[in-house]
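Survey of secondary and tertiary structure
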Amino acid sequence: MVALLASSGKPRKFRVFDTTLRDGEQTPGVSLTPDRKLRIAKALDSLGVNVIEGGFARVSEGDFQALKLMVKEGLKAKIYSMSRAVIEDIDLAAKADVDGIHLVVPTSPIHLEHKVKKKPEEILEVSEKCVEYAKEHGLLVELSAEDASRSDMKFLKEFFRRGLEAGADSLCVCDTIGILTPDRAYEFFLEICGEFKGVPVSAHCHNDFGMATANTLQALRAGALQAHVTINGLGERAGNAPLEEVVVGALCLLGVRSTIKTSKIYEVSRLVSRLTGIPVQPNKAVVGENAFTHESGIHVDGILKCPSTYEPLTPDLVGVKRRFVVGKHAGTAGIETLLRSWRLKLSQEQLKEVFNRVKQLGDMGKTVTDADLRAIAEAVMGVPVVRPIKLKELTVITGNNVTPTASVRLEVNGREILESATGVGPVDAAINAIRKVGREVADIRLEDYYVKSITGGTDAVVEVVVRVRMGNRIITASGARGDIVMASVEAFLSGISALLQEAGKNRRRASRKSP
């Protein structure tokens, strides 16, 4: 890793203020229970964040209880509650026993006139009073200027000066609607940090124009000592600066370090995605499924020769593994590498035939999964098709007054197993029933599941693609049917079969080698 952008000689380390559980929870459709908040907080603490803004004590009883749970847990990270410039907000934060408050006060003319309807002097007085009150109650105070990027600079400096005189511990510049550009962000933070030398200044950037990460990095270059971030860039509207992008970008591009254990980033990203119900887009920087996945033949060839030809950072830095996939853009090098990883050795003629078949499927618009490639290769090699797991019968019951229930009869290595399960819907019930059978055979997990329509109308054919894990091995598989339940079951069973088949071959190979 090389710092590609020169910093301005400012500190080479910064603090991470994570607001996933407050600003991130304000993502439309996200609502976390206290227990789920605690799970995420523990993961963030293990990740190495310095401050966890666990919620807003006054917004609900759930947030208040969640903050108390985090404090009781005795995490290394400081626990903060958001607070407005309202005494009752501070009282509840103190009652929750948090370490500090993120005191958010609007400072722009548009907010003062239309939102809080206060004069600038009134804002200065009430913020000063609230900082003093919080300090009297033993709280750390991060004083935030909401909509700072649209505030008058002279007034902003006076706001911060009065806050510091009242006892504020740190200052935060909020680009509330994401209007800063990287060059403006650098100049803005350079002026604030220069004005308040020796005072910790934070950057809180939103992503409305897709520049939250760039603006945060520029703030760090200009002297900011702390970055406000969320996991996966969660947050209002277009979200906040993503922790994973800011931390890795600062490290690799600026040579500026944090206390984050980067190898845990992917794991925490997936946890937050599961608990919030917000999927991570495949091409999301750093943690998206495609971030270290390669299909293009030209790219795969380059990666195999020297990974840095097409990867700016190594996947293990953030706790993921590089993957090669096949499709219409694939080359023989990528296909051969995948087949060798499954210990399938093909002649050049056989490899050429597999290559041609993959191209044909890609041109038809089909997603070529790992299971598809394996089936094609074995067919070309003349290997008998042996499916370790076969569907014999599936029954699903669902309705408006019925708990979705599925019963499944499977043949696993010649032995029939019958299981049943319930779920939130018919697909979930069917998958849960198969999971029960899977647990009797091996520790198999469904990692990802997504659906796309191939044809239009209510009778559309749907294609389901899944990622299935057994130990460290992950495989993709698909199913296409007019019935989404059957397509889902077909995809899941295809993935399980491929993993069990591979595991069986490995066991036989090991037994032949043993004396």
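Above this note sits the structure.
Residues numbered from 1 in each chain as written. Predicted model: local features only at pLDDT ≥ 70, side-chain atom pairs only at ≥ 80, totals over all residues. Heavy atoms only, no water.

Turning next to the overall build of the chain. The helix and strand inventory of the chain stands at 16 helices and 16 strands. Across its three principal axes, the chain shows a C-alpha extent of roughly 80 × 55 × 55 Å. The buried share of the chain, taken over its 515 residues, is 51%. Sequence separation of at least 24 residues holds for 65% of the intrachain contacts in the chain that already meet a minimum separation of 6. Here the chain displays about 23,600 Å² of accessible surface, and carbon together with sulfur accounts for 52% of that area. Averaging the locations of the 70 positively and 64 negatively charged side chains of the chain gives two centres separated by 8 Å. (Helix = DSSP H or I, 4+ residues; strand = E, 2+ residues; numbered from the N terminus. Buried < 20%, exposed > 50% of the residue type's maximum accessible area, 1.4 Å probe, protein only. Contact = heavy atoms within 4.5 Å. Areas by Shrake-Rupley, 256 points an atom, 1.4 Å probe, with all protein chains shown as cover. Lys, Arg positive; Asp, Glu negative; His and termini not counted. Charge placed at Lys NZ, Arg CZ, Asp CG, Glu CD.)

Once that is clear, we can look at the side chain of R270. The topology assignment puts R270 in helix α10 (residues 265–276). Those residues in contact with R270 that lie beyond four places of it in its chain are V280, V287, G288 and E289.

Let's shift gears to the side chain of E245. Relative to the elements of secondary structure, E245 occurs in helix α9 (residues 243–254). Among the polar contacts listed, one links the side chain of E245 to the side chain of T213, at a separation of 2.6 Å. Once residues lying within four places of it in the same chain are set aside, the contact partners of E245 are T213, A250, K284, A285 and V286. (Polar contact = N/O pair within 3.5 Å; in protein donor to acceptor, adjacent residues only side chain to side chain.)

With that settled, the discussion passes to the sheet that holds strand β13 (residues 415–422). Across the sheet, 3 strands lie side by side as β11-β12-β13; this open sheet has antiparallel pairing. Single-partner strands in this sheet number two, and they are β11 (389–399) and β13. The average undirected angle you get between the axes of adjacent strands in this sheet is 10 degrees. Note: strand β12 (residues 402–412) against β13, 8 bridges, orientation antiparallel. For R409, the partnering residue across the bridge sits in β13 and is L418. The strands that helix α15 (residues 426–441) touches are β11, β12 and β13; relative to β13, the one it contacts most, it runs at about 140 degrees. (Pairing = 2+ DSSP bridges. Axes fitted to C-alpha atoms, helices over the stretch in contact; angles between N-to-C directions.)

The next thing to look at is the packing of aromatic side chains. When we look at a pair of aromatic rings, we describe it by the centre distance and by the angle of the planes. Under the defined criterion, the tally for this structure stands at 4 aromatic pairs. Measuring from ring centre to ring centre gives 5.7 Å for F17 and Y80, while their planes differ by 80 degrees; the resulting arrangement is edge-to-face. Of this pair, F17 sits in strand β1 (residues 15–18) while Y80 sits in strand β3 (residues 78–83); the two residues are 63 residues apart in sequence, bridging distant segments of the chain. Residue class for Y80 comes out buried when judged on its relative accessible area of 7%. (Phe/Tyr/Trp six-rings, centres within 6.5 Å; stacked < 30°, edge-to-face > 60°.)

Looking now at the pattern of salt bridges. Inspection of every chain in the model, using the stated rule, returns 35 salt bridges. Within the structure, one salt-bridge network assembled from shared partners comprises E121, E128, K157, E158, R161, R162, E191 and E195. (Salt bridge = Lys/Arg side-chain N within 4 Å of Asp/Glu carboxyl O.)

A contiguous nonpolar patch, built from Y449, V451 and I484 and spanning about 220 Å² of accessible area, is present on the exposed surface. Relative to the helices and strands, I484 resides in helix α16 (residues 484–513). In this structure I484 comes out as partly exposed when scored by relative accessible area, which is 36%. (Patch = residues over 30% accessible without salt bridge, like charges linked within 9 Å, V, L, I, M, F, W, Y side chains within 5 Å.)

A few words on the sheet that holds β3. Strand order in the closed barrel formed by 8 strands is β1-β2-β3-β4-β5-β6-β7-β8, with parallel pairing between adjacent strands. Between one strand axis and the next, the sheet turns through 25 degrees on average, direction left out of account. Summarising the sheet, β1 and strand β8 (residues 226–229) pair through 4 bridges and their orientation is parallel. Bridge pairing in β8 places R15 opposite Q226.

What follows is about unusual backbone geometry. Its identity as a non-glycine residue notwithstanding, K117 has a phi of 50 degrees, on the positive side. Tracing the sequence through the fold places K117 in the loop between α4 (109–116) and α5 (120–136). In this model, N232 sits at a positive phi of 65 degrees, which is unusual for a non-glycine residue. Residue placement: N232 occurs in the loop between β8 and α9.

To find the voids left in a structure, one rolls a probe of water-molecule size over its atoms. Here the largest pocket defines a volume of roughly 1,500 Å³. Lining the largest pocket are 41 residues, and of these E447, D448, Y449, Y450 and R467 lie nearest its centre. Listing elements by their share of the lining of the largest pocket, those giving two or more residues are α1 (34–47), α10, β9 (293–294), α15, β14 (444–453) and β15 (462–470). In terms of residue class, the lining of the largest pocket is made up of 17 nonpolar, 8 polar and 16 charged. K321, R322, R323, N472 and I474 are the residues nearest the centre of the second largest pocket, which is lined by 27 residues in total. Of all elements in the fold, only α10, β10 (323–324), α12 (332–341), β15 and β16 (473–481) reach the threshold of two or more residues within the lining of the second largest pocket. Here the residues of the lining of the second largest pocket sort into 8 nonpolar, 7 polar and 12 charged. (1 Å grid on protein atoms, 1.4 Å probe; cavity = no way out; pocket = protein on both sides within 12 Å on 5 of 7 lines; lining within 4 Å. Points joined across faces, edges and corners; volume = space filled by probe spheres on them. Nonpolar A, V, L, I, M, F, W, Y, C, P; charged D, E, K, R; others polar.)

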